[in-house]
Amino acid sequence: MAYISKYKNDIFVSYAHEDNRLLPGMKDGWVSALIEAVEIRLSQRLGRSEFYKLWIDDELSPSSEVTPTIVKALEESAVIIIILSPSYVASPWCQQEKNKFFELIKKRTYSGSRIFVVYRDRVDEDDMPLELKEYKKSKFWTLQGRHGTTKIYGVPKPEEEEYVNLYNDLVFDLENVLKKLKNKEIERHCKDIDQIDQATVYLAEVTDDLDSFRDEVKRYLDQQKIHVLPDSWYPRKERLFQEALVKDIKRSKIFVQLLSQLHGKKAPGSDLTYPCLQYQGALEQQLPILQWRSKAVDIEQLPDSAYKELLDKETVMAVDLGEFKKAVLKKVKEKEPEPDKKPLNVFVFVNMNSEDKKVAEEIKSKLDELGVDYGLPIFPEEVISRKSNQAEIRQDLEENLRICDGVIIVYGNITSAWVSEQLRRVRKLSALREEPLKALAVYVGPPEPKEELPIKLQGMRIIHSIKDLQVDELKSFVEYLNENRNHGN
């Protein structure tokens, strides 16, 4: 049973027969060994092997044609893995298979996330299939020796560290895409709905000599559950490259770039190299920038002046890669400084009976945090201790109601009749105000049960706080009050 229910196969593997021939010292062909390792790790990640289905023709012969069985398997597959190599490019069978799959996915909306290119061996730029040039590639080879020959990871020892890291990265990416397809998240992405991730890093593409370093940084960020962009390879045309670049940079929190002594290729129609274009895009979007270069790079020996200037920026750290990774993580986890809050020029009168002093203290504390001026009534015990009279209480109450911007009446231990009396007083004194009251609320606190109030004024809010202080509702009241006051001014 497939993991993606609408397909019969989750993964289809396209490869050339030559790439799976046994080499001395190997018990399995290179393709078979890789796919077996991927199957095992993916099963461990998804839970069980029967949770997904992978299709591969184990009996592929050099002269095979694309059979109806293979066409049907392609049509019923969610994801394709292409093992790219000179043998794959030279194989008519593989080209038929690849062309058929691209023909199929053009009719679907998910094409950009359904192709995985395992770059087994170096292919000359002129021989690279046009459709595959724009896809991100998992590079399983490196240049070595004075003649620049290629070493293929996993030959003859599949246990070597870089090979294991590469197929683990492939499994990680496959797992993510399968889960996105299952949850239909990829549909929203392909419809250009921007999803800003607070922990998203734009990790710029690098020159060939830094591929393994970039993989190491990406692996580190993946382990920290930090989303890394870009998700797919960009088109090489300058305009299309920049459009894709800007879209991803806008979704990112920081821009991270690894630089070497190689300045990289220039984009067609541009005087800038791809590393410089990416850096320029980050600058234009005012994204925080962290860059790295090896201590061994001699900037003075670089022939390209623009690239030399880039490596000499203050944002470039010439440190060990491990130290740089920690710096990136620290930057990602930094909390953005909150904008300075302007003091709220509002005055709230909290009208309550002395029996509800406890609730009033909580309200006062929160109003203090919100930067709100407030006033409280004079209680009878205060009047007695100061040898004042009832006229003073009434005068103080009426003055607060006349000058305040908003009123909160506390309905706690006191009766509904008392609350109703205070609401009638608010309505009566509104005629004496220079400006209308901006906001009015009855704060319903403990204990339960409560009698329903027999009176309701237009625009009056009820803040229900029987169990705990409803901070969000109180904050909403203050924000509403502030907006109304500013609008009125």
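Refer to the structure above for everything that follows.
Computed from a prediction, not measured in an experiment: that's the story for all the values here.

Cut-offs and rules
Residues numbered from 1 in each chain as written. Predicted model: local features only at pLDDT ≥ 70, side-chain atom pairs only at ≥ 80, totals over all residues. Heavy atoms only, no water. Buried < 20%, exposed > 50% of the residue type's maximum accessible area, 1.4 Å probe, protein only. Helix = DSSP H or I, 4+ residues; strand = E, 2+ residues; numbered from the N terminus. Pairing = 2+ DSSP bridges. Right-handed = clockwise from strand over helix to strand, strands pointing away. 1 Å grid on protein atoms, 1.4 Å probe; cavity = no way out; pocket = protein on both sides within 12 Å on 5 of 7 lines; lining within 4 Å. Points joined across faces, edges and corners; volume = space filled by probe spheres on them. Nonpolar A, V, L, I, M, F, W, Y, C, P; charged D, E, K, R; others polar. Core = buried A, V, L, I, M, F, W, Y, C linked by side-chain atoms within 4.5 Å. Contact = heavy atoms within 4.5 Å. Axes fitted to C-alpha atoms, helices over the stretch in contact; angles between N-to-C directions.

J.: What's the story with the pairing of strand 15 (residues 406–411) in this structure? I'm lost.
T.: In summary, the side chains of a regular strand alternate between the two faces of the sheet. In terms of burial, strand 15 is largely enclosed, as six of its six residues are buried. Judged by which residues are buried, strand 15 turns out to be covered on both faces: Gly406, Ile408 and Val410 on one side and Val407, Ile409 and Tyr411 on the other are all buried. Where strand 13 (residues 347–351) and strand 15 come together, four bridges link them in parallel fashion. Residue pairing in the sheet places Phe349 in a bridge with Val407 of strand 15. Taken together, strand 15, helix 15 (residues 416–429) and strand 16 (residues 439–444) constitute a β-α-β crossover, and its handedness is right-handed.

J.: How should I be thinking about empty space enclosed by the protein in this particular structure?
T.: Rolled over the atoms, a probe as big as a water molecule pinpoints where empty space is left. Counted under the stated rule, the structure contains two cavities of 30 Å³ or more. Taken as a whole, the second largest cavity holds about 40 Å³ of empty space. Residues of the lining of the second largest cavity, tallied by class, amount to seven nonpolar, three polar and one charged.

J.: Would you mind showing me how to read the nonpolar core here?
T.: Nonpolar side chains tend to gather and get buried jointly when the protein is soluble and globular. One finds Ile11, Val13, Trp30, Leu34, Val79 and Ile83 to be the most contacted residues of the largest nonpolar core, which totals 36 residues. For this core, the secondary structure elements donating two or more residues are strand 1 (9–14), helix 1 (30–46), strand 3 (77–84), strand 4 (115–119) and helix 5 (161–182). Not counting the four nearest positions on each side in its chain, Val79 is found in contact with Asp10, Ile11, Phe12, Arg114, Phe116, Leu174, Val177, Leu178 and Leu181. With 24 residues, the next largest nonpolar core counts Ala204, Leu229, Cys276 and Tyr279 among its residues.

J.: Can you help me understand the sheet that holds strand 12 (residues 316–317) in this one?
T.: Within a beta sheet, neighbouring strands are joined by backbone hydrogen bonds and run either parallel or antiparallel to one another. The strand order across the open sheet formed by five strands is 9-8-10-11-12, and the pairing between neighbours is parallel. Whereas interior strands pair on both sides, the edge strands pair on one side only; in this sheet they are strand 9 (227–229) and strand 12. Bridge count between strand 11 (residues 289–293) and strand 12: two bridges; the pairing is parallel. Pairing of Trp292 across the sheet is with Met317, part of strand 12. Against the sheet, helix 11 (residues 321–332) contacts strand 8 (200–203), strand 10 (254–259), strand 11 and strand 12, and its axis sits at roughly 170 degrees relative to strand 10.

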